[in-house]
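# Observations on chain architecture
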Amino acid sequence: MGQAIALGLARAGCDLALHYHDAREGADATAREVQAAGRRAAILQADLRDVVAARGLADQAATMLGGLDILVNSAGIMVPQRIEAVTPESWDATLDVNLRAYFFVAQGAIRHLRPARGRIVNLADIAAFEPWPEYVPHCVSKAGVVMLTQGLARALAPDITVNAVAPGAVLLPEAWDEATRTHFAKTTPLGRLGSPDDVVHAVRYLLEGGDYVTGTTLVVDGGRLIR
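In this report, the structure presented in the accompanying data block is examined.

The rules behind these values
Residues numbered from 1 in each chain as written. Predicted model: local features only at pLDDT ≥ 70, side-chain atom pairs only at ≥ 80, totals over all residues. Heavy atoms only, no water. Core = buried A, V, L, I, M, F, W, Y, C linked by side-chain atoms within 4.5 Å. Buried < 20%, exposed > 50% of the residue type's maximum accessible area, 1.4 Å probe, protein only. Helix = DSSP H or I, 4+ residues; strand = E, 2+ residues; numbered from the N terminus. Contact = heavy atoms within 4.5 Å. Phe/Tyr/Trp six-rings, centres within 6.5 Å; stacked < 30°, edge-to-face > 60°. Pairing = 2+ DSSP bridges. Right-handed = clockwise from strand over helix to strand, strands pointing away. Axes fitted to C-alpha atoms, helices over the stretch in contact; angles between N-to-C directions. Parallel < 35°, antiparallel > 145°, perpendicular 65-115°, else oblique. Left-handed = near helix turned anticlockwise from the far one by under 90°. Nonpolar A, V, L, I, M, F, W, Y, C, P; charged D, E, K, R; others polar. 1 Å grid on protein atoms, 1.4 Å probe; cavity = no way out; pocket = protein on both sides within 12 Å on 5 of 7 lines; lining within 4 Å. Points joined across faces, edges and corners; volume = space filled by probe spheres on them.

### Digging into the nonpolar core
One finds Leu16, Ile120 and Val165 to be the most contacted residues of the largest nonpolar core, which totals 52 residues. Per-element tally for this core: the top contributor is helix H4 (residues 88-116), with seven residues. Beyond its immediate sequence surroundings of up to four residues, Ile120 is in contact with Leu71, Asn73, Ala106, Leu113, Leu156, Ile160, Thr161, Val162 and Asn163.

### A word on the packing of aromatic side chains
One pass over the full model with this rule turns up two aromatic pairs. Taking 4.9 Å as the distance between ring centres and 90° as the angle between the ring planes, the aromatic pair formed by Phe103 and Phe104 counts as edge-to-face. Its relative accessible area of 31% is what places Phe103 among the partly exposed residues. Given the relative accessible area of 16%, Phe104 is considered buried.

### Observations regarding the pairing of strand S3 (residues 70-73)
Residues Leu71 and Asn73 point to one face of S3 and are all buried, whereas Ile70 and Val72, pointing to the other face, are not buried. Two strands pair when backbone bridges link them, and S3 and strand S4 (residues 119-123) are joined in this way by four bridges, in the parallel orientation. Bridged to Leu71 within S4 is Ile120. Handedness of the S3-H4-S4 crossover: right-handed.

### Brief notes about the packing of helix H1 (residues 2-11) against helix H7 (residues 196-209)
Closest axis-to-axis distance for the H1/H7 pair is 9 Å, and the angle between their directions is 55°. Between H1 and H7, the angle is such that the two are oblique. Of the two elements, H1 crosses H7, and the hand of that crossing is right-handed. Here Ala4, Ile5, Gly8 and Leu9 of H1 come into contact with H7, specifically with Pro196, Val199, Val200, Val203, Arg204 and Leu207. Considering only residue class, the contact of H1 with H7 consists of eight nonpolar, one polar and one charged.

### Some points on the packing of helix H3 (residues 51-65) against H4
The geometry of H3 relative to H4 is characterised by a closest axis approach of 8 Å and an angle of 35° between their N-to-C directions. H4 is crossed by H3, and the crossing has right-handed handedness. Along the contact surface, H3 presents Val51, Ala54, Arg55, Leu57, Ala58, Asp59 and Ala62, while H4 presents Arg100, Ala101, Phe104, Val105, Gln107, Gly108, Ala109, Arg111 and His112. Considered class by class, the residues forming the contact of H3 with H4 number nine nonpolar, three polar and four charged.

### Thoughts on the layout of surface pockets
In this structure, the second largest pocket spans a volume of roughly 190 Å³. As for the second largest pocket, its lining consists of Arg117, Gly118, Arg119, Ala157, Pro158, Asp159, Ile160, Thr161, Asp211, Tyr212, Val213 and Thr214. Residues that form the lining of the second largest pocket fall into these classes: five nonpolar, three polar and four charged.

### A word on unusual backbone geometry
Cis geometry marks the peptide bond from Ala157 to Pro158, where omega comes out at 0°. Structurally, Pro158 can be placed in the loop between helix H5 (136-156) and strand S5 (161-167). Of note, Arg117 is a non-glycine position whose phi angle comes to about 50°, a positive value. Tracing the sequence through the fold places Arg117 in the loop between H4 and S4.

### Some remarks on the sheet that holds S5
Across the sheet, which stays open at both edges, the four strands sit in the order S3-S4-S5-S6 with parallel pairing between neighbours. Either end of the sheet is taken by a strand with one partner, and the two such strands are S3 and strand S6 (217-220). Averaged over all adjacent pairs, the angle separating strand axes in this sheet is 20°, with direction ignored. Here S4 pairs with S5 via five bridges, running parallel. Of the residues in S5, the one forming a bridge with Val121 is Asn163. The strands touched by H4 are S3 and S4; relative to S3, the strand with the most contacts, the crossing angle is about 175°. Seen against the sheet, H5 touches S4, S5 and S6 and runs at an angle of roughly 160° to S5.

Shown next as structure tokens:
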């Protein structure tokens, strides 16, 4: 999803600083596609579980690009864990990347985004609003992203807007068979699975057209959360 967002923003005219943890090959491939779209791409390595590294990411990006006016927080892990199997270490592994890192990356970006009247978009997902028994730490982390988005929006207004996008059935687990995918599509009110482009369009709206929008989580799920 992060790659799709990066390429969507490059095609919209953005130069990009691309973060990776250990997937350098993927970062290089994304950078080549960004450059093929006619934009600059800087590559930054950091372990976002390290608060110092997370805080310093924006400074590196601003130095390499000559400024910073957008932050998209999209790092994340999603690991199935039975309640009985969750340990302090596995709990922290999920929350440190999915939630804590978002805060400290944003904190480090404030001094760049404030004078630029910049924008932050955080990637949540519909697990923020639905309890998934096999993914409780993940659900908690994404619910935290929704509240973090609201808190940052209040704290940083009027200089910086802060919003989130919560995708639904967009990138399904590779282990799901075709019957499961078909069932998911048929039980979605809009009658299809989502695509990364659906999420990219939502991110671009919040960055390009959301002048009077802050603290909002835009759900992109084909209507699955409708009750």
